[in-house]
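Below are the chains, spelled out letter by letter.
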Amino acid sequence: MSKDYKQEQISAMEEVRRQAMAVPAQNRREFLRKGITYSAAALAGATGAAHAKNEDMLPPWTKRLGRGVVEVPYGLPSPHAKHTIRRTVDWLTADHIASISFTPLQDLKGIITPNGLVFERYHGGIPEVDPAQHHLMIHGLVDNPLMLSMDDLMRYPSESHIKFLECPANGGMEWRGAQMEALQFTHGMISCCEWTGVPLKVLLEEAGIRPEGKWILAEGADAAGMTRSIPLEKAMDDALIVYAQNGELLRPEQGFPVRLLCPGWEGNTSVKWLRRLKIGDQPWHHREETSKYTDLLADGTARRFTWVMESNSVITSPCPEKPWKFGPGKYEIEGLAWSGNGTIKGVDVSIDGGVTWREAKLKGLVLDKALTRFSLEFEWDGSPLLLQSRSHDNTGYVQPTLGQLRDARGVNSIYHKNSIHTWAVAENGGVKNVQID
Ligand SMILES: Nc1nc2c(c(=O)[nH]1)N[C@H]1C(S)=C(S)[C@@H](COP(=O)(O)O)O[C@H]1N2
Ligand SMILES: [Mo]
């Protein structure tokens, strides 16, 4: 910001104050209140007049022509938004090829995750698939096996649905204690996009599943050859074969040219770079299947087939990355809630660690198996807070406390930690990740 411009803003403020003094005393308070609430508008009026007087006070970007069309054929965010990026935690995995990155939830608005910020999870890196050579095969216990090219797939009538996609390991580093000092790392293994493709049901009906067909093996074309067994009910319910996300073709990170999407289910069931669906009469038992995606309980047994991502929520503002830096006053407490079982019915917010609760308002779209934004206007008196949010969904499920979840599942699992999360807000507005049972 140029010095002139700053000086001009100061004189504009003085102008506002002079006008206020010219108003009779009984109306002055009202004028100032308006002046403060709509300070941007008041300034614009005053600065407009000043601009006319002295052109030198204009900010530099108003004095030269800007960049023309298609100099950047695929647009990028402003350089001032360069902190809004995916990040990873290096100690989580041995390398970046079989690893995970996190969505910067702290910087996002609304419910849609921009494509370049969707968290990534690869077991063997991103394959560079040539769509012209890629096929989706549907075989096994079917009457008419299918071998579909991408062109074939795109000829079917398409559907678009806004759905969240969450890795069940989201929050999984914190079963035993708080350790991630950032919202991006406590909850960033989630995204929400508008996905476009063909209902899997349509393809399966065309293939003609035999009566014995009950399970589907989905296999990816990556080096990991990721496979998951999906029960036929899910496939016939709302599973989609998707080739586009948020209006454009899938990003390589998300499975270009085609992926399976199992809405509301563990992210790993949404197999990327999908090459094969084999219909069988029972689940398959190899690789990922038995070893990885189970929840180890305190008694040494494990939960299996825990596909649904149960309701969860988190406050996104304030959070460790977004402290309350303006001292006591008005703030909007905002957050995200979701449920793999359906829609969010409500979210309560506590400022005292779960002793008392007040109802937040749901903002914008409230959709089935999609991120849902909640908001609570709050007047902060500057005292320390223990902020929590608690979601409930259309099935009556209420997000559990950490104590309830640990009692039921112990602390040995990695997956499905959807308990109420606590942010401690200090007197200086700083936010820390703490745990309360
Ligand atoms: N082929 C293949 N599909 C895959 C994976 C993979 O490594 N290979 N990772 C899975 C896991 S564990 C998750 S959580 C989601 C992540 O989807 P995203 O990378 O689009 O966010 O993809 C799933 N699909
Ligand atoms: Mo995952």
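Please read all numbers here as calculations on a predicted model, not as lab measurements. Throughout this description, residue numbers start from 1 for each chain and increase along the sequence as written. Chain letters start at A and ligand numbers start at 1, both assigned in the order the entries are written. Restriction of local features to residues with pLDDT of at least 70 applies here, the model being predicted, together with a cutoff of 80 or more for giving and counting side-chain atom pairs; totals for whole chains, interfaces and linings are based on all residues. Excluding hydrogens and water, the side-chain values take into account all heavy atoms of the structure.

**Considerations on the site of ligand 1**
(1) Moving on: Around ligand 1, the surrounding shell holds 21 residues, and the nearest of these are Phe119, His123, Asp222, Arg259 and Lys272.
(2) Moving on: In protein, a polar contact means a hydrogen-donor-capable atom and an acceptor-capable atom, both N or O and within 3.5 Å, with residues adjacent in sequence counting only if both atoms are side-chain atoms; elsewhere, any N or O pair within 3.5 Å suffices. Within the side chain of His123, a nitrogen or oxygen atom sits 2.6 Å from an oxygen atom of ligand 1.
(3) Moving on: Surface accessibility follows the Shrake-Rupley procedure with a 1.4 Å probe radius. Residue values consider only the protein chains on display as shielding. Contact with the protein chains removes 100% of the 530 Å² of surface that ligand 1 exposes when unbound.
(4) Moving on: Placement of ligand 1 is best described as lying within the largest cavity. The cutoff for a nearby residue is simple: one of its non-hydrogen atoms must lie within 4 Å of the molecule or strand. The definitions used throughout rest on a 1 Å grid laid over the protein atoms alone, on which a cavity is an enclosed set of points accommodating a 1.4 Å probe that cannot get out and a pocket is an open set flanked by protein within 12 Å on both sides along at least five of seven lines; lining residues are those having an atom within 4 Å of a point. Assignment to a cavity or pocket requires that more than half of a molecule's atoms be within 2 Å of the site's grid points.

**Some points on the pairing of strand 15 (residues 312-317)**
(1) Moving on: For every residue, the accessible area obtained with a 1.4 Å probe (protein chains only) is divided by the maximum for its type, and the residue is called buried under 20%, exposed over 50%, and partly exposed between those limits. Only DSSP runs of H or I with at least four residues qualify as helices, and only runs of E with at least two residues qualify as strands; both kinds are numbered from the N terminus onward. With 5 of 6 residues buried, strand 15 lies mostly within the body of the structure.
(2) Moving on: Note: strand 15 against strand 16 (residues 329-338), 5 bridges, orientation antiparallel. Across the sheet, the residue bridging to Ser317 is Glu334, located in strand 16. The pairing criterion for strands is at least two bridges between them, as found by DSSP.

**Section: the state of the cysteines**
(1) Moving on: Two cysteine sulfur atoms make up a disulfide if the distance between them is within 2.5 Å. A full pass over the atoms with the stated rule returns 0 disulfides.
(2) Moving on: Here Cys192 is not cross-linked by a disulfide; its sulfur's nearest cysteine counterpart is in Cys193, at 6.8 Å.

**So, the sheet that holds strand 21 (residues 385-393)**
(1) Moving on: Spatially, 18-17-21-22-23 is the arrangement adopted by the 5 strands of the open sheet, whose pairing is antiparallel. Looking at strand neighbours, the two that pair on one side only are strand 18 (358-359) and strand 23 (431-434), the edges of this open sheet.
(2) Moving on: For strand 17 (residues 344-350) and strand 21, the ladder comprises 6 bridges, and the chain directions are antiparallel. Residue Val347 lies in a different strand from strand 21, and its bridge partner there is Ser391.

**Things to note about empty space enclosed by the protein**
Space left empty within the atom packing is revealed by a probe, the size of a water molecule, rolled over the atoms.
(1) Moving on: Grid points are joined across faces, edges and corners, and a volume is the space filled by probe spheres set on the points. Going through the model one piece at a time under the given rule, you end up with 6 cavities of 30 Å³ or more.
(2) Moving on: In terms of lining residues, the largest cavity is bounded by 21 residues, among which Arg121, Arg259, Gly267, Ser270 and Lys272 are the most central.
(3) Moving on: Amino acid classes used here: Ala, Val, Leu, Ile, Met, Phe, Trp, Tyr, Cys and Pro are nonpolar; Asp, Glu, Lys and Arg are charged; the rest, including Gly, are polar. Considered class by class, the residues forming the lining of the largest cavity number 10 nonpolar, 6 polar and 5 charged.

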